[in-house]
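# Geometric and topological summary
The primary structure of each chain is shown beneath.
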Amino acid sequence: MFAPGRRKAACAVFAFVALVLTARAAPAQDGADLRAPGRLNAQAFRDVPADGSIRVQPYDDTRDSRRIQQAIERAVERKGRHVDNKAGTLALNFETGVQQIGRTGPPPSLGSIQADRDDARVRLNLYSTSEDNLVTGRRSEGGGSGSVKFTLTLSLDDSKGTRLWQGTATLLGTPNDEIGAYASMARALIDEFGQTARQKPFRID
């Protein structure tokens, strides 16, 4: 059996661990679907010709741009459209972006325990606008490379340079999954090819 002081300290530790596990196990709020971490918006400006071949144009000639170009081409062909990068009558341009939103470092500081043989003190950060806490978790400010937000924008122009359609997708991920993230966003955007969509969620294939 525990001595009174040790029993009190053990109960405090158990209560702290239970609170942390409950907070982490709580379901996502606001109806968020954690299986669909991507969001896209698309706007149709004019009708897209059903029989026009498509020319995918990268923004530069780097290795990563060529790999993203290939992922977009596969998504276009999967949609049933013909890709012709030499004589395509429709130009599909793309731009990418990466924004740091996380940080590296130690686990969130959710509180502290001070316990000895005769006493125990527990400090819990239940909620704070300036510190890590049980309600909102780790604050996103600060440096590091914990997580990022990828952005892919596709725009379709006809042979006269008239904008027919444009779509932008964002996806939360990790820095080492850049090409895979862009490939998923390309498939999601091309699925909305020629259509208008607002804050539509999509999953990672």
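Owing to the predicted nature of the structure, the values given are computational and were not obtained by experimental measurement. (Residues numbered from 1 in each chain as written. Predicted model: local features only at pLDDT ≥ 70, side-chain atom pairs only at ≥ 80, totals over all residues. Heavy atoms only, no water.)

### Some points on the nonpolar core
By size, the foremost hydrophobic cluster in this structure holds 32 residues, and its most contacted members are Ile-72, Leu-92, Leu-152, Leu-154 and Met-185. Counting only elements with at least two residues in this core, the list comes to β1 (38-44), β2 (54-57), α2 (63-78), β3 (90-100), β6 (148-157), β7 (163-173), α3 (178-191) and β8 (197-202). Residue contributions to this core peak at eight residues, all from α3. (Core = buried A, V, L, I, M, F, W, Y, C linked by side-chain atoms within 4.5 Å. Buried < 20%, exposed > 50% of the residue type's maximum accessible area, 1.4 Å probe, protein only. Helix = DSSP H or I, 4+ residues; strand = E, 2+ residues; numbered from the N terminus.)

### Some details on the packing of aromatic side chains
Overall, the coordinates contain two aromatic pairs when judged by the stated rule. Ring geometry for Phe-150 versus Tyr-182: centroids 5.5 Å apart, planes at 70°, classification edge-to-face. One end of the pair, Phe-150, is in strand β6; the other, Tyr-182, is in helix α3, and 32 residues separate them in sequence. (Phe/Tyr/Trp six-rings, centres within 6.5 Å; stacked < 30°, edge-to-face > 60°.)

### What to know about the pairing of β7
Bridge count for β1 against β7 is seven bridges, and the pairing is antiparallel. Residue pairing for β7: Arg-39 is matched across the bridge by Thr-170. Across ten bridges, β6 lies against β7 in antiparallel orientation. Bridging across to β7, Thr-153 finds its partner in Thr-168. From the end of β6 to the start of β7, which pair antiparallel, there are five residues, and Gly-161 there has a positive phi angle of about 85°. (Pairing = 2+ DSSP bridges.)

### Observations concerning the confidence of the model for the chain
Per-chain confidence: the chain averages 77 in pLDDT, with 60% of residues scoring 70 or above. Confidence drops under a pLDDT of 50 for residues 9-32, and excluding neighbours within four residues, the segment shows 22 contacts in the predicted structure. Between residues 140-145, whose pLDDT stays under 50, and residues either more than four places distant or in other chains, the model counts 16 contacts. (pLDDT = per-residue confidence, 0-100. Contact = heavy atoms within 4.5 Å.)

### Observations concerning the environment of Thr-96
Mapped onto the secondary structure, Thr-96 falls in strand β3. On the basis of relative accessibility, which here comes to 26%, the residue Thr-96 falls in the partly exposed class. The sequence separation of Thr-96 and Tyr-182 amounts to 86 residues, and the corresponding C-alpha distance is 8.2 Å. Thr-96 has contacts with Tyr-59, Ile-68, Thr-151, Leu-152 and Tyr-182, leaving out every residue within four places of it along the chain.

### Describing α3
Its 14 residues give α3 an end-to-end C-alpha distance of 20 Å, which sits within 8% of 20 Å, the value for a rise of 1.5 Å per residue. Taking burial as the measure, the 14 residues of α3 include ten buried ones, the bulk of the element. Residues Ile-179, Ala-181, Tyr-182, Ala-183, Ser-184, Met-185, Ala-186, Ala-188, Leu-189 and Ile-190 constitute the buried set of α3. For α3, the secondary structure elements touched by its buried residues are β1, α2, β3, β6, β7 and β8. (Expected span 1.5 Å × (residues − 1).)

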